[in-house]
Amino acid sequence: MDFGTLGGNLFGTIPLGDIVLYITPLSLFLFAVLLVFTLLIAISKTETQVEATFMKLSNTDVKVGKKEFKQRRFLAVICGIASAGAMLTGDLFNFTLFMALIGILNIGIVSAVKQTTVLNSAYQYGLIAMMCSLPLFGGASIILASTGTLSLAVLSQMSATPMVVFGAVLMLLGILGESGVAPFFASKAEMFRTPGSPFIVIIHLSSLFIIVRAVEILLLVLW
Amino acid sequence: MVFIPPHVPAEFISMYLPAIYAGLIVGFIGSMAIAMRREEIHILILTDLIGLAMIFVVSAVGTDLAEALILPGLVVELAETLAISEILLSREMHKIEADPRRNLTKSTSLFPQPFALDMEIMTTAPNFIALVLIAYGIFLTGFTGGAVAGGGIVLYALSKKARGLPVLVIDGIAGVSGIAWCLWIIGFALFFVAPGLWVLSLFLAACGLLLKVASKVGLIGLLMREDIDKE
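What counts and how
Residues numbered from 1 in each chain as written. Chains lettered and ligands numbered in written order. Predicted model: local features only at pLDDT ≥ 70, side-chain atom pairs only at ≥ 80, totals over all residues. Helix = DSSP H or I, 4+ residues; strand = E, 2+ residues; numbered from the N terminus. Buried ≥ 20, exposed ≤ 12 C-beta atoms within 10 Å, placed from the backbone. Contact = placed C-beta atoms within 7 Å. UniProt positions renumbered as here; feature names shortened; annotations may be inferred. Pairing = 2+ DSSP bridges. Expected span 1.5 Å × (residues − 1). pLDDT = per-residue confidence, 0-100. Axes fitted to C-alpha atoms, helices over the stretch in contact; angles between N-to-C directions. Parallel < 35°, antiparallel > 145°, perpendicular 65-115°, else oblique. Left-handed = near helix turned anticlockwise from the far one by under 90°. Nonpolar A, V, L, I, M, F, W, Y, C, P; charged D, E, K, R; others polar. Core = buried A, V, L, I, M, F, W, Y, C linked by C-beta atoms within 7 Å.

Going by the annotation in an unreviewed UniProt entry, the name recorded for chain A is Energy-converting hydrogenase A subunit H EhaH, with Methanobrevibacter millerae given as the source organism.

Our next topic: the overall build of chain A. Within chain A, the secondary structure is distributed over 10 helices and four strands. Mapped in sequence order, the helices and strands of chain A form the string α-β-β-α-β-β-α-α-α-α-α-α-α-α. Each of the three principal axes of chain A carries a C-alpha extent, and together these read 65 × 35 × 25 Å. Looking at chain A as a whole, 48% of its 223 residues are labelled buried. Counting only contacts in chain A whose residues sit at least 6 apart along the sequence, the fraction spanning at least 24 positions is 72%.

Every contact between the two is made by 28 residues of chain A and, on the other side, 35 residues of chain B. Mapped onto the side of chain A that touches chain B, the elements with two or more residues apiece are α4 (92-110), α5 (116-131) and α6 (133-147) of chain A.

Looking now at the UniProt feature "transmembrane region" (unreviewed entry) in chain A. In this numbering, the UniProt entry assigns the feature "transmembrane region" (unreviewed entry) to residues 20-43, 73-89, 95-113, 125-144, 164-186 and 198-222 of chain A. A helix fraction of 84% and a strand fraction of 0% characterise residues 95-113 of chain A, whose end C-alpha atoms lie 29 Å from each other.

This part covers the pairing of strand β4 (residues 59-62) of chain A. Residues and elements named next belong to chain A. Bridge analysis of strand β3 (residues 49-52) against β4 gives four bridges, and the strand direction is antiparallel. When the bridges of β4 are listed, E51 appears paired with T60. Linking β3 back to β4 in an antiparallel pair, the connection comprises six residues, with M55 at a positive phi of about 70°.

Our next topic: helix α4 (residues 64-98) of chain B. The end-to-end C-alpha distance of α4(B) is 52 Å, a good match for the 51 Å that 35 residues give at a rise of 1.5 Å each. Among all positions in α4(B), only L69(B), G73(B), V76(B), E77(B), E80(B), A83(B), I84(B), I87(B) and R91(B) are buried. Looking at the buried residues of α4(B), the elements they touch are α4, α5 and α6 of chain A together with α3 (40-59) of chain B.

Time to look at the confidence of the model for chain A. Within chain A, residue pLDDT values average 83, and 96% of them lie at 70 or more. For chain A, helix α1 (residues 3-7) of chain A is the element with the lowest average pLDDT, namely 68, and helix α8 (residues 162-179) of chain A is the one with the highest, namely 90.

All names here are of chain A. Contact pair helix α3 (residues 66-88) / α4: the axes reach a minimum separation of 9 Å and the direction vectors enclose 160°. Comparing the axis directions of α3 and α4 gives the class roughly antiparallel. In terms of crossing hand, the pair formed by α3 and α4 is left-handed. Note on element contacts: α4 touches α3 through F95, F98, M99, L101, I102, L105, N106, G108 and I109, opposite R72, L75, A76, I78, C79, A82, S83, G85 and A86. Partitioning the contact of α3 with α4 into residue classes produces 13 nonpolar, four polar and one charged.

Between α6(A) and α3(B), the shortest axis-to-axis distance is 9 Å and the interhelical angle comes to 0°. Here α3(B) runs roughly parallel to α6(A), going by the angle between their axes. In this structure, α6(A) contributes S133(A), L134(A), F137(A), G138(A) and S141(A) to the contact, and α3(B) contributes I50(B), G51(B), A53(B), M54(B), V57(B) and V58(B). Residues that form the contact of α6(A) with α3(B) fall into these classes: seven nonpolar, four polar and no charged.

With that settled, the discussion passes to the nonpolar core. Counting 81 residues, the largest nonpolar core has L92(A), M99(A) and A122(A) as its most contacted members. Among the elements that line this core, the one with the most residues is α4(A), at 14 residues. In this view, A122(A) contacts I107(A), V110(A), S111(A), M191(A) and I87(B); residues no more than four positions away in its chain are not counted.

The subject of this paragraph is the confidence of the model for chain B. Atom-level detail of predicted coordinates should not be read off regions where pLDDT is low. Looking at chain B, the pLDDT average stands at 74 and 72% of residues meet or exceed 70. Across the interfaces of the predicted complex, the ipTM metric reaches 0.77, alongside a pTM of 0.72.

Structure follows, in structure tokens:
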């Protein structure tokens with residue numbers, strides 16, 4: 001399928017040799033929104049959670065320490081930049097690498113919390129993400145082996161062979177696990193139950209945006 | 001559409017499909033093993049097995065581009081293993097903090113039981129073998145040479161039972177590692193700036209990489225010896 005059919009009018013391309021970055025209204029919008037959000041979380045402060053104390057009438061504040069706050073903000077900003085890069089990339093393997101990077105950063109953002117339940121679910125999510133790197137990278141490499149290229153501009157002009165369809169299905173499986181949506185959301189949902197709101201939201205936002213982009217890429221490859 | 005150079009033998013091309021099937025089957029067996037095991041540390045190790053199956057599938061392509069894909073894949077896999085094991089560690093720490101008496105009987109060590117290696121061959125042969133390995137590593141240069149020379153250093157460190165290495169030695173090894181890194185970078189940059197000097201830059205990079213890898217592996221050996229000599 002052509003770029004224009006999915007993303008609207010083609011504004012222009014940035015040719016870097018074989019890899020051609022292309023700018024359509026869809027990718028530009030996703031890119032800009034993620035950059036604005038990254039800027040917002042870079043300048044914002046973390047929230048304080050208020051929890052009801054068990055068997056008492058008072059409340060307890062769950063605060064985030066200065067060191068933990070700094071680490072979490074850094075990782076969240078990197079995660080935002082990685083997601084923004086995945087929105088604009090014109091290379092299949094760069095997309096899978098950004099995807100894997102987002103997976104690691106999602107674990108990293110919650111790695112410093114003190115709640116055992118959150119760490120437990122982060123551990124489960126990390127296991128799923130690691131297992132899904134096999135279909136993710138394997139699918140990309142099968143597409144590379146059966147077409148000889150990773151450039152989306154070239155791949156979108158080709159018709160899909162059965163091997164490409166197999167690779168795309170593997171990639172879809174990998175993306176689902178790596179971003180923690182649909183069948184694997186149970187482990188990821190628990191990760192949000194920790195203080196430090198604006199930085200936690202990037203976990204959610206990055207996986208949402210990357211799914212939109214993944215659908216576009218898979219349609220480009222398959223059609 | 002796919003361009004395959006004519007000098008590639010037909011056996012190599014026919015190996016591609018068995019290789020990816022082998023990778024996928026290894027991944028499937030790994031997932032089944034994960035479903036059966038219940039201990040968390042075993043699950044982590046088995047997950048690494050699936051990561052290795054990923055390297056299988058990617059390296060089956062066997063082109064230059066695929067080689068460029070293997071390295072990031074390997075790095076991603078390592079980073080994820082490190083991150084998850086850190087999470088596991090910090091979770092256990094929080095659990096122990098909540099209930100300090102849990103870990104009174106447990107010890108965390110590379111080798112859970114202290115053991116002394118009292119064999120004659122451990123005191124006589126290693127000097128010679130380590131020397132031969134280091135010499136052969138220097139002869140090889142590059143990444144392979146570094147690994148071979150580092151293996152020699154590990155062997156020497158394992159066989160010698162001197163405890164408590166002075167801080168100066170460890171600092172020195174770290175310093176050599178840093179200088180080697182600079183050599184490698186200079187060689188790499190020179191390769192692009194002045195392609196005419198490719199022999200010089202190749203040797204700079206190769207010797208830098210040799211020292212770098214050898215010192216890394218040597219450090220692992222030093223750390224392991226500290227653990228082994230525990231009585």
